[in-house]
Amino acid sequence: MEKILEVKDLEVSFQTYGGSVKAVRGVSFDLHKGETLAIVGESGSGKSVTSQTIMKLIPMPPGKITGGQILFNGEDIVPKTDKQMQKIRGKEISMIFQDPMTSLNPTMKVGYQIMEVLIKHQNMSKQAAKARAIELLSLVGIPMPERRVNQYPHEFSGGMRQRVMIAIALAANPKLLIADEPTTALDVTIQAQILDLMKDLQSKMDTSIIFITHDLGVVANVADRVAVMYAGQIVEMGTVDEIFYDPRHPYTWGLLASMPSLDNDDKAELAAIPGTPPDLTNPPKGDAFAARNNYALAIDFEEEPPMYQISETHFAKTWLLHPDAPKVEPPDAVKKRMRQLSSAFKQPVLVKEGN
Amino acid sequence: MQISKDKFQLVGSKYEDAEKISKPSLSFWKDVFIRFRKNKLALFGLVLLILLIIMAIIGPHLTGYDYRTNDLTNKNQPPSSEHWFGTDDLGRDVFTRTWEGARISIFIGVAAALIDLFIGVLWGGIAGYKGGRTDEMMMRFADVLYGVPYLLLVILLMVVLGQGLGTMILAMTITGWINMSRIVRGQVLSLKNQEYVLASKTLGANTSRIMAKHLIPNAMAPILVTMTLTIPSAIFTEAFLSYLGLGLNPPLASWGSMASDGLPALRYYPWRLFFPATFICLTIFAFNVVGDGLRDALDPRLRK
Amino acid sequence: MVKYIGKRLLYMLISLWLIVTATFFFMRIAPGNPFTSEKKLPPEIEANLNAHFGLDQPWYAQYWDYLVRILNWDFGPSFKYKSQTVNDIINEGFPVSAMLGAEALLLAVAFGVLLGIIAALKHNRWPDYTAMIIAVLGISVPSFIMATFLQYFLAIKMGLFPVARWETFMHTILPALALAATPMAFIARLTRSSMLEVLSNDYIKTAKAKGLSQGVITVKHAIRNALLPVVTYMGPLTAGILTGSFVIENIFGIPGLGAHFVTSINNRDYTVIMGVTVFYSILLLVSILLVDIAYGFIDPRIKLAGGKKGE
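This one's a predicted model, so the numbers in the text were calculated from it and none came from an experiment. (Residues numbered from 1 in each chain as written. Chains lettered and ligands numbered in written order. Predicted model: local features only at pLDDT ≥ 70, side-chain atom pairs only at ≥ 80, totals over all residues. Heavy atoms only, no water.)

S.K.: Which residues make up the overall build of chain A, and what values do they have?
M.R.: When its secondary structure is counted, chain A shows eleven helices and 13 strands. The C-alpha atoms of chain A give a radius of gyration of 21 Å, which matches the 20 Å a tight globule of 355 residues would have. Oriented by its inertia axes, the alpha-carbon framework of chain A measures out at about 70 × 50 × 40 Å. Per-residue burial for chain A yields a buried fraction of 57% across its 355 residues. The long-range fraction of contacts in chain A, counting pairs at least 24 apart against all pairs at least 6 apart in sequence, stands at 67%. (Helix = DSSP H or I, 4+ residues; strand = E, 2+ residues; numbered from the N terminus. Rg over C-alpha atoms; globule rule 2.2 N^0.38 Å. Buried < 20%, exposed > 50% of the residue type's maximum accessible area, 1.4 Å probe, protein only. Contact = heavy atoms within 4.5 Å.)

Shown next as structure tokens:
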């Protein structure tokens, strides 16, 4: 399959009063055409910064890309100027944000907010853009689009506004859609509708999606592959099956164990991950997760773990996969769902030294 | 890669340690102070303010002249080693009068701010805390009073009540407290339903204890900022009234009255206007930048 | 919306009534009879005058009479200048003051908004610092000091402008500048903070994610929303410019209403003080009301909030 996006060793930091915060510390992943990659992590794990960096939407300064490459269609966008980025944003890559209540301009008609994209990227006349905006509104399932197009955002409910955001994002048929927690601020019933809509439109338009979320439950429904981020790094990445049925990183275990599930029996308690993520002004020595990790090894406090490959598509960054590491049992909630996947190698293979 | 096997012992989480080594926690005021100190302009304003206050205290005693004694043989003298800021049309030492004026101008500002604070906190606090009809009535009253144009009312009162320090402060505070009361009420309303206040209510704390322990400390920030910004506006109003001929009765000196006395003589004796005018501007400037700095330091969300 | 305007109108009327009543009673308790302040009049003449001004009536009759006259837009005679009524003074002085005020208003809004926007766009860089230092200086210098210094340096010393009086356009520049300085500074600060707040909003990020250029984002998405709070400031701004004109007109010898007002204060010409105060109050309250109504039309969110609920 055609690779549409390749992120290599991306590093992003922010200058703040307290010093430089290393928000993204060497992230690499790729994305194929029509594929959906979910990036999962707690708040502050760097998932939003990573995705916004792909569009170069992080404020610079204080933000700065301190290393790595972002290859979009084989072209590195890191050195591109803001002017060059304007041709990519909205046209090639577009984005849906978390809070539909605040991401639309309150004093501009909804229709015009869609038309802006069409006029800018497709050279449409005002009339043509308006007609297309009405089409797009009905495409995202908004009833009476002819009337709605002239209304202001406050006349729409949260779910409807997120549909408008989707219409804006898809107006110019982008190759890549980044959805930054698009359903977090919505009611559960609306969440499902929005997810269905996104999947439906994706199959129609063959768009690739990066889906940012902290909710593993959502991931299972939408993603092909999952990347788990912690403290600015990807700690485990694999297909949905690999992450859900054969997770290898203790942080992923923690996330899975803390996820409510219908097949849990009543007695099983939800397990919380103790503590809070580390301060990325001074990332801890060794494995950033060690301090909160019940399975931490002595070496976790000294050396950063390397990346191990478990299958063609499955990677995890933990010392537990080292041949000398003790065999540990994942938490019960995770153990219950574990199964042997045929794709896995006999032994994890070391791919990269920790640095 | 060679790593000794004992490194691979399971040791488990150490998150208690991890939480401990994170940044030392700062008390609220210490944090505010650190942020305030980073604002160079505000710091400059604070230093200026301290200097002005020191001069207001010691200034009138430095020259041996008296602010009210006329010396008609020495009138309208330019600045010299004898009279550092020159003399006015009655031969009085402008330096001494300037610092005497500083006392009065700053006194007016501080007094107005304190009275606004007192009435405002009481009115807004009660309205916000009681809520319901009491709140409705009290704030309606404030709304109507607020509709009265401020300076016009002050002028009217000064005309009617006659000039003087007391009437001036009264005139300034008669509607000045409304702003403060609105801020306090807003704070009280937003704070009183927060969990920690509810928590202490359920624990049986009584009203006055809740007020003293929770509401007032949290409302401190906006109150302090409003006060800091009330002082320069009162100093300005005093100068304005003096210019209209509604200022203090002579021989009392205020910056406003000195400036308005000096205005007609500007062409020939510019120092008589220059010194009081400069100090009015400097003081208003200092209070304004300190107030801005405090606001930014107290509310880090505003500071970007 | 109608309900909202009605409610505001009611408050305005209550405020106005309060002002009229207060002025009336203040003037009654004001020290000294206006006629005796300078020289002793023969008793029969004083009685005549009292009768002429209705001062021999009981207070409630006088009060009622005053209210009725105000409703008929009649502010009564002047105590000092027998030939003039307060209405004459207003008719003569107000057009001049209105001209000066309008010029100052325009200056204050245009430069204030410009300065504020530049400061916000160049946040934490030198244009921002420069604009904000100008603004804080503008706030720190009282208008009459500003006026005096402008007059002294630009007119008297350098001869660039006429020193005083109200004749040509050149005569209007210095007074308008002096009058506009403080409100301009306020507007600049307000615009800056409002603009910064708007620029940090999610919808600006959305606009950027659409691929719009910085210029389009600033003009179409940011400025319009950032100016909404500035519009609400127009009411207090009018008040500031009106009261500021008292001293400015005096300094520059402009025959406006403000200068008349100051003269009447110095003369203790009570009926003029009363009449002009009430006139100014009406002007201010009406302009604040107009600003609020205009705001309702500019901000689409408010338009609906008055009628039916948004969602």
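Resuming the write-up.
S.K.: Just give me the short version of the packing of aromatic side chains, but keep the residues and values in it.
M.R.: On inspection of all chains with the given rule, the structure shows 24 aromatic pairs over all chains. Residues C:Phe94 and C:Phe279 carry aromatic rings whose centres are separated by 5.2 Å and whose planes lie at 85° to one another, so their mutual orientation is edge-to-face. Here C:Phe279 lies in helix α11 (residues 270-298) and C:Phe94 lies in helix α4 (residues 86-121), a separation of 185 residues in the sequence. Its relative accessible area of 24% is what places C:Phe94 among the partly exposed residues. Each member of the aromatic cluster is reached from another via a ring pair, and the members are B:Phe236, B:Phe240, C:Trp73, C:Phe94, C:Phe246, C:Phe261, C:Phe279 and C:Tyr280. The ring of A:Phe156 carries A:Arg148 above its face, with NZ or CZ at 4.4 Å from the centroid. One residue, A:Arg339, lies across the ring of A:Tyr245, its end atom 3.7 Å from the ring centre. (Phe/Tyr/Trp six-rings, centres within 6.5 Å; stacked < 30°, edge-to-face > 60°. Lys NZ or Arg CZ within 6 Å of the ring centre and 35° of its normal.)

S.K.: Before we move on, could you go through the interface of chain A and chain C and cite the residues and values that matter?
M.R.: Contacts between the two partners involve 32 residues from chain A, matched on the other side by 22 residues from chain C. Where chain A abuts chain C, roughly 2,400 Å² becomes buried across the two surfaces, and 55% of that area is made up of carbon and sulfur atoms. Of all residues in chain A, A:Thr107, A:Glu116 and A:His154 give up the largest surface area on contact with chain C, accounting jointly for 25% of the area buried on that side. Applying the counting criterion to the chain A and chain C interface returns one salt bridge. For C:Lys210, the salt bridge identified is with A:Glu116, shortest N-O distance 2.8 Å. At the surface where chain A touches chain C, the tally comes to 15 residue pairs in polar contact (both at pLDDT 80 or more). For the side of chain A that touches chain C, the elements supplying multiple residues, two or more each, are α2 (82-88), β6 (93-96), α3 (110-122) and α6 (158-170) of chain A. Among the elements that line the side of chain A that touches chain C, the one with the most residues is α3(A), at six residues. (Buried area = accessible area lost by both parts, 1.4 Å probe. Salt bridge = Lys/Arg side-chain N within 4 Å of Asp/Glu carboxyl O. Polar contact = N/O pair within 3.5 Å; in protein donor to acceptor, adjacent residues only side chain to side chain.)

S.K.: Just give me the short version of the domain arrangement of chain A, but keep the residues and values in it.
M.R.: All names here are of chain A. What the domain assignment lists for chain A is domain 1 (3-223) and domain 2 (247-352). Relative to domain 2, the C-alpha centre of domain 1 lies at a distance of 30 Å. Carbon and sulfur atoms make up 56% of the area that domain 1 and domain 2 hide from each other, which totals about 1,000 Å². At the surface where domain 1 touches domain 2, the tally comes to zero salt bridges. Taken together, domain 1 and domain 2 are joined by one residue pair in polar contact (both at pLDDT 80 or more). Mapped onto the side of domain 1 that touches domain 2, the elements with two or more residues apiece are β2 (19-32) and α8 (216-222). With six residues, β2 is the single largest residue contributor to the side of domain 1 that touches domain 2. (Domains from an automatic or database assignment.)

S.K.: Before we move on, can you summarise the UniProt feature "domain: ABC transporter" (unreviewed entry) in chain A with the specific residues and values?
M.R.: Here the UniProt-annotated "domain: ABC transporter" (unreviewed entry) positions come out as residues 5-256 of chain A. Within the segment residues 5-256 of chain A, helix and strand shares are 38% and 28% respectively, and the terminal C-alpha atoms sit 28 Å apart. (UniProt positions renumbered as here; feature names shortened; annotations may be inferred.)

S.K.: An account of helix α1 (residues 2-29) of chain C is requested, with residue identities and associated values reported.
M.R.: Spanning 28 residues, α1(C) covers 41 Å between terminal C-alpha atoms, matching the ideal 40 Å at 1.5 Å per step. Those residues of α1(C) that sit buried are C:Tyr11, C:Met12, C:Ser15, C:Leu16, C:Ile19, C:Val20, C:Thr21, C:Thr23, C:Phe24, C:Phe26 and C:Met27. (Expected span 1.5 Å × (residues − 1).)

S.K.: Explain the nonpolar core to me, using residue names and the numbers behind them.
M.R.: Core analysis: the biggest nonpolar cluster contains 161 residues, and B:Ile155, B:Leu244, C:Phe144, C:Phe246 and C:Phe261 have the highest contact counts within it. Among the elements that make up this core, the one with the highest residue count is helix α11 (residues 271-298) of chain B (16 residues). If sequence neighbours within four positions are ignored, B:Leu244 has contacts with B:Ile155, C:Phe246, C:Val247, C:Val262, C:Ile265 and C:Asn266. In terms of nonpolar packing, the next biggest core, distinct from the first, is built from 112 residues, A:Ile65, A:Ile93, A:Leu197 and A:Met229 among them. (Core = buried A, V, L, I, M, F, W, Y, C linked by side-chain atoms within 4.5 Å.)

S.K.: Before we move on, can you summarise the confidence of the model for chain C with the specific residues and values?
M.R.: All names here are of chain C. Averaged over chain C, the pLDDT score is 80; the fraction of residues at 70 or greater is 88%. Here helix α12 (residues 300-307) is the element of chain C with the lowest mean pLDDT, 53, and α4 is the one with the highest, 88. With pLDDT under 50 throughout, residues 304-311 is counted as low confidence; its partners more than four residues away or in other chains account for eleven contacts. ipTM for the predicted complex: 0.79, alongside a pTM of 0.79. (pLDDT = per-residue confidence, 0-100.)

S.K.: Could you give an account of α3(A), with specific residues and numbers?
M.R.: Along an α-helix, residues three or four positions apart point the same way, because every turn accommodates 3.6 residues. The end-to-end C-alpha separation of α3(A) is 18 Å, in line with the 18 Å expected for 13 residues at 1.5 Å each. Within α3(A), ten of the 13 residues are buried, which leaves it mostly tucked inside the rest of the structure. When α3(A) is considered as a whole, its buried residues turn out to be A:Val110, A:Gly111, A:Tyr112, A:Gln113, A:Ile114, A:Met115, A:Glu116, A:Val117, A:Leu118 and A:His121. Where α3(A) is buried, its residues touch α2, α4 (126-139), α5 (145-148) and α6 of chain A together with α9 (214-251) of chain C.

S.K.: Provide a residue-level description of the interface of chain C and chain B, including the pertinent values.
M.R.: Counting residues at the interface gives 49 residues for chain C, matched by 37 residues for chain B. Both faces combined, the contact of chain C with chain B buries some 3,700 Å², and carbon together with sulfur accounts for 78% of it. On inspection of chain C and its partner chain B, the count reaches one salt bridge. Counting the contacts that link chain C with chain B gives three residue pairs in polar contact (both at pLDDT 80 or more). Those elements that place two or more of their residues in the side of chain C that touches chain B are α1, α5 (126-140), α6 (143-157), α7 (169-199), α9, α10 (257-267) and α11 of chain C. Counting residues per element, the side of chain C that touches chain B draws most heavily on α1(C), which supplies ten residues. Each residue belonging to the side of chain C that touches chain B can be placed in one class, and the counts come to 32 nonpolar, 13 polar and four charged. (Nonpolar A, V, L, I, M, F, W, Y, C, P; charged D, E, K, R; others polar.)

S.K.: Describe in detail a nonpolar patch on the surface, supporting the description with residues and values.
M.R.: Taken together, the side chains of B:Leu46, B:Val47, B:Ile50, B:Leu51, B:Ile53, B:Ile54, B:Ile57, B:Ile58, B:Leu62 and B:Trp84 present a nonpolar region at the surface, about 860 Å² in accessible area. Within the secondary structure, B:Val47 sits in helix α3 (residues 40-58). (Patch = residues over 30% accessible without salt bridge, like charges linked within 9 Å, V, L, I, M, F, W, Y side chains within 5 Å. Areas by Shrake-Rupley, 256 points an atom, 1.4 Å probe, with all protein chains shown as cover.)

S.K.: Give a description of the side chain of A:Arg163 that names residues and reports values.
M.R.: Residues and elements named next belong to chain A. Within the element layout of this structure, Arg163 appears in helix α6. Here Arg163 sits buried without a salt bridge, and the closest side chain of opposite charge, Asp196, lies 8.3 Å off (N-O distance). Ignoring sequence-local partners within four residues, the contact set of Arg163 consists of Val140, Gly141, Ile142, Gln193, Ile194 and Leu197. (Lys, Arg positive; Asp, Glu negative; His and termini not counted.)

S.K.: Break down the packing of α6(C) against α7(C) for me, with residues and values.
M.R.: All names here are of chain C. Axis separation between α6 and α7 bottoms out at 9 Å; the angle between their running directions is 145°. For the pair α6 and α7, the crossing hand works out as right-handed. Residues Ser143, Met146, Ala147, Leu150, Gln151, Leu154 and Ala155 of α6 form the contact with α7, whose participating residues are Leu174, Leu177, Ala178 and Ala181. A class-by-class count of the residues in the contact of α6 with α7 yields nine nonpolar, two polar and no charged. (Axes fitted to C-alpha atoms, helices over the stretch in contact; angles between N-to-C directions. Left-handed = near helix turned anticlockwise from the far one by under 90°.)

S.K.: Tell me about the pattern of salt bridges, and please be specific about residues and values.
M.R.: All names here are of chain A. Tallying each qualifying case throughout the model produces 19 salt bridges over all chains. Asp30 is paired through a salt bridge with Arg225; the nearest N and O atoms lie 3.4 Å apart. Of this pair, Asp30 sits in strand β2 while Arg225 sits in strand β9 (residues 225-230), placing them 195 residues apart in sequence. For the pair Asp30 and Arg225, a shared accessibility class is recorded, and that class is buried. Salt bridges here are not isolated pairs; linked through shared partners, they connect Lys3, Glu6, Asp30, Glu35 and Arg225.

S.K.: Break down the pairing of β6(A) for me, with residues and values.
M.R.: Each regular strand displays side chains that alternate between the two surfaces of the sheet. Residues and elements named next belong to chain A. Of the two faces of β6, both are covered, the one formed by Ile93 and Met95 as well as the one formed by Ser94 and Ile96. Taken together, the four bridges between β6 and strand β7 (residues 176-180) define a ladder with parallel strand orientation. In the strand pairing of β7, Ser94 is matched with Leu177. (Pairing = 2+ DSSP bridges.)

S.K.: Give me the lowdown on the environment of C:Met234, citing residues and values where you can.
M.R.: Residues and elements named next belong to chain C. Topologically, Met234 is positioned in helix α9. On the basis of relative accessibility, which here comes to 22%, the residue Met234 falls in the partly exposed class. Taking C-alpha positions, Met234 is 9.3 Å from Ile187, a pair spaced 47 residues apart along the chain. Dropping the residues within four chain positions of it, Met234 is found in contact with Leu105, Val109 and Val291.

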